[in-house]
Amino acid sequence: MKKILFMVGMMNIGGVEKSLLSLLSVLPKEELDVTILMLEKKGGFLDQIPEWVKIEEATWYKEIKPIILQPPRLTIKELYVKKKFFRILPFILNYLTSKYLKNRYLYYKYILKSIPKHKGRFDIAVSYQGPNDIIDYYIANKVSAKKKISWVHFDVSKFGMNKKLYKKLYKKFDKLFIVSNEAKSRLIERIPSIERKAEVFLNVVSSQLVSKMGSVKINLDQEYDGVKIVTVGRLSKEKGQDIAIKALAKLRKEGYKVRWYCIGEGNFREDLEKLIEDLDVKEDFHLLGSKTNPYPFISEADIYVQTSRHEGYCLTLAEAKCLNKPIITTNFIGAYEQIENGINGWIVEANEDEVYKRVKHLIDYPYQRELLSKSLKTSLIDTTHEADKLIYFV
């Protein structure tokens with residue numbers, strides 16, 4: 001039986017975590033011994049992990065988490081208060097050296113030097129939430145495996161990637177899976193030496209499964225007779241919910257009867273709530289929070305809008321396609337790989353004016369929405385075969 005280790009931060013309700021669950025759902029459990037190692041064993045998707053999958057927590061992370069997240073001066077202060085004087089000078093030297101040389105590898109090597117290696121031995125060890133400095137470093141240096149994979153889910157051109165760190169880390173990986181062709185190109189531009197290792201691995205999506213989950217009955221303002229728009233994504237600046245709020249404000253100002261529902265949670269909520277209040281759209285813009293099953297909400301929508309400023313692939317966009325929703329998406333990496341502009345959806349620039357104009361057009365011309373939905377109905381979305389790239393890697 002083949003042993004596979006996946007490492008993630010935690011199992012929050014988000015796109016990367018959802019893509020892992022989708023992948024697990026198509027892996028042959030009778031052939032694989034799968035373990036998920038988390039930096040912190042928590043998150044809204046934690047109870048969605050299949051029973052046959054083992055779960056571990058990196059208990060060592062509690063020790064280094066403050067050092068990674070807080071400013072260096074606070075770490076120095078804490079060491080002083082705890083009278084660990086012998087650790088202050090080495091910390092300062094390693095931090096300043098890595099900063100001067102612009103090489104974070106030296107810094108992480110120092111921070112993680114006392115962290116023990118994982119006791120297990122695996123056929124495949126996967127840093128699933130890449131690029132992630134700690135997870136990639138741990139898999140590269142602290143795990144014993146025949147083959148190692150770093151899974152890149154993000155647009156590295158928008159991501160603060162330390163080139164010297166990853167150039168060295170990626171030498172220790174046998175394969176880099178990247179979630180879209182364009183994201184792959186951007187990564188190779190940043191680190192050309194990884195080209196031979198890089199391969200596109202599309203997020204696992206099954207139209208049949210998404211449609212089944214989307215058929216669950218809910219009450220999304222059933223008495224409301226205006227146009228309903230749904231957006232799914234973590235509440236964050238990069239997901240662009242502020243663009244949606246501003247677009248809705250323009251639509252309401254012109255008298256359009258429309259409500260916008262955002263599914264997701266995150267640290268951008270307070271900013272969004274203030275913007276909703278300032279633009280006086282509280283009655284028509286609703287932050288619904290996280291949902292383990294967002295598909296019924298998409299099913300109830302008249303239009304699905306993705307407002308992201310950047311993505312690696314955007315799983316929710318693929319899922320909205322499975323539910324045959326008229327789609328408007330911003331022009332992030334991978335958008336043109338999923339949408340034929342004007343055929344099965346519309347791609348616009350990531351600003352409120354462009355989103356507003358396209359939503360207005362689809363409201364004014366309902367038959368256009370029908371054409372988009374009909375186009376989507378003619379194609380079956382199924383990327384479950386992508387799992388073979390992992391299963392047969394060793």
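Procedures and definitions
- Residues numbered from 1 in each chain as written.
- Predicted model: local features only at pLDDT ≥ 70, side-chain atom pairs only at ≥ 80, totals over all residues.
- Heavy atoms only, no water.
- Helix = DSSP H or I, 4+ residues; strand = E, 2+ residues; numbered from the N terminus.
- Rg over C-alpha atoms; globule rule 2.2 N^0.38 Å.
- Buried < 20%, exposed > 50% of the residue type's maximum accessible area, 1.4 Å probe, protein only.
- Contact = heavy atoms within 4.5 Å.
- Areas by Shrake-Rupley, 256 points an atom, 1.4 Å probe, with all protein chains shown as cover.
- Lys, Arg positive; Asp, Glu negative; His and termini not counted.
- Charge placed at Lys NZ, Arg CZ, Asp CG, Glu CD.
- Axes fitted to C-alpha atoms, helices over the stretch in contact; angles between N-to-C directions.
- Parallel < 35°, antiparallel > 145°, perpendicular 65-115°, else oblique.
- Left-handed = near helix turned anticlockwise from the far one by under 90°.
- Nonpolar A, V, L, I, M, F, W, Y, C, P; charged D, E, K, R; others polar.
- Core = buried A, V, L, I, M, F, W, Y, C linked by side-chain atoms within 4.5 Å.
- Pairing = 2+ DSSP bridges.

A. Examining the overall build of the protein chain more closely. In terms of regular secondary structure, the protein chain is built from 17 helices and 13 strands. The C-alpha radius of gyration computed for the protein chain amounts to 23 Å, which stays within 12% of the reference 21 Å derived for 394 residues, consistent with globular compactness. Based on the C-alpha atoms only, the size of the protein chain along its principal axes is roughly 70 × 50 × 40 Å. Counting only residues that meet the buried cut, the protein chain has 54% of its 394 residues in that class. Expressed as a percentage of contacts within the protein chain between residues at least 6 apart in sequence, the contacts between residues at least 24 apart total 69%. When the accessible surface of the protein chain is totalled, it reaches about 18800 Å², and 50% of it is carbon and sulfur. Taken as two groups, the 66 positive and 50 negative side-chain charges of the protein chain have centres that lie 9 Å from each other.

B. Up close: the packing of helix H5 (residues 104–111) against helix H6 (residues 133–142). Look at H5 against H6: their axes get within 11 Å of each other, and the N-to-C directions meet at 70 degrees. Comparing the axis directions of H5 and H6 gives the class roughly perpendicular. Relative to H6, the crossing made by H5 is right-handed. Contacts from Tyr 105, Tyr 108 and Lys 109 of H5 reach H6 at Asp 133, Ile 134, Tyr 137 and Asn 141. Looking at side-chain class alone, the contact of H5 with H6 contains four nonpolar, one polar and two charged residues.

C. Structural detail: the nonpolar core. One finds Phe 6, Leu 23, Trp 151 and Leu 390 to be the most contacted residues of the largest nonpolar core, which totals 57 residues. In contact with Trp 151, other than residues within four places in its own chain, are Phe 6, Leu 23, Val 126, Ser 127, Tyr 128, Gln 129, Gly 130, Phe 177, Val 179 and Phe 201. Residues Leu 39, Ile 67, Val 152 and Val 156 belong to the second largest nonpolar core, which totals 44 residues.

D. Quick look at the side chain of Asp 242. Residue placement: Asp 242 occurs in helix H10 (residues 241–253). The residues contacting Asp 242, other than those within four sequence positions of it, are Lys 237, Phe 268, Leu 272, Leu 275 and Arg 309.

E. Structural detail: the packing of H10 against helix H11 (residues 269–278). One can describe the packing of H10 onto H11 by two numbers: an axis separation of 10 Å at closest approach and a directional angle of 10 degrees. Compared by their axis directions, H10 and H11 come out roughly parallel. Taken together, the residues of H11 that come into contact with H10 (itself represented by Gln 241, Asp 242, Ile 245 and Lys 246) are Leu 272, Leu 275 and Ile 276. Here the residues of the contact of H10 with H11 are counted per class, giving four nonpolar, one polar and two charged.

F. Structural detail: the sheet that holds strand S7 (residues 198–200). Strand order in this open sheet of seven strands is S3-S2-S1-S4-S5-S6-S7, and the pairing throughout is parallel. What marks the edges here is a single partner per strand, and that holds for strand S3 (54–57) and S7. Geometrically, the sheet is characterised by an average inter-axis angle of 25 degrees between neighbouring strands, direction not taken into account. Of the pairings in the sheet, the one linking strand S4 (residues 121–130) to strand S5 (residues 144–152) comprises seven bridges and is parallel in character. Residue Gly 130 lies in a different strand from S5, and its bridge partner there is Val 152. In the packing of H6 onto the sheet, the strands contacted are strand S1 (2–8), strand S2 (32–38), S4 and S5, and the crossing angle to S4 comes to about 165 degrees.

G. Representation of the environment of Ser 19 in the model. Considering the arrangement of structural elements, one finds Ser 19 in helix H1 (residues 15–26). For Ser 19, a relative accessible area of 1% puts it in the buried group. With 71 residues separating them along the chain, Ser 19 and Pro 90 place their C-alpha atoms 40 Å apart. Not counting the four nearest positions on each side in its chain, Ser 19 is found in contact with Tyr 128, His 153, Asn 203 and Leu 315.

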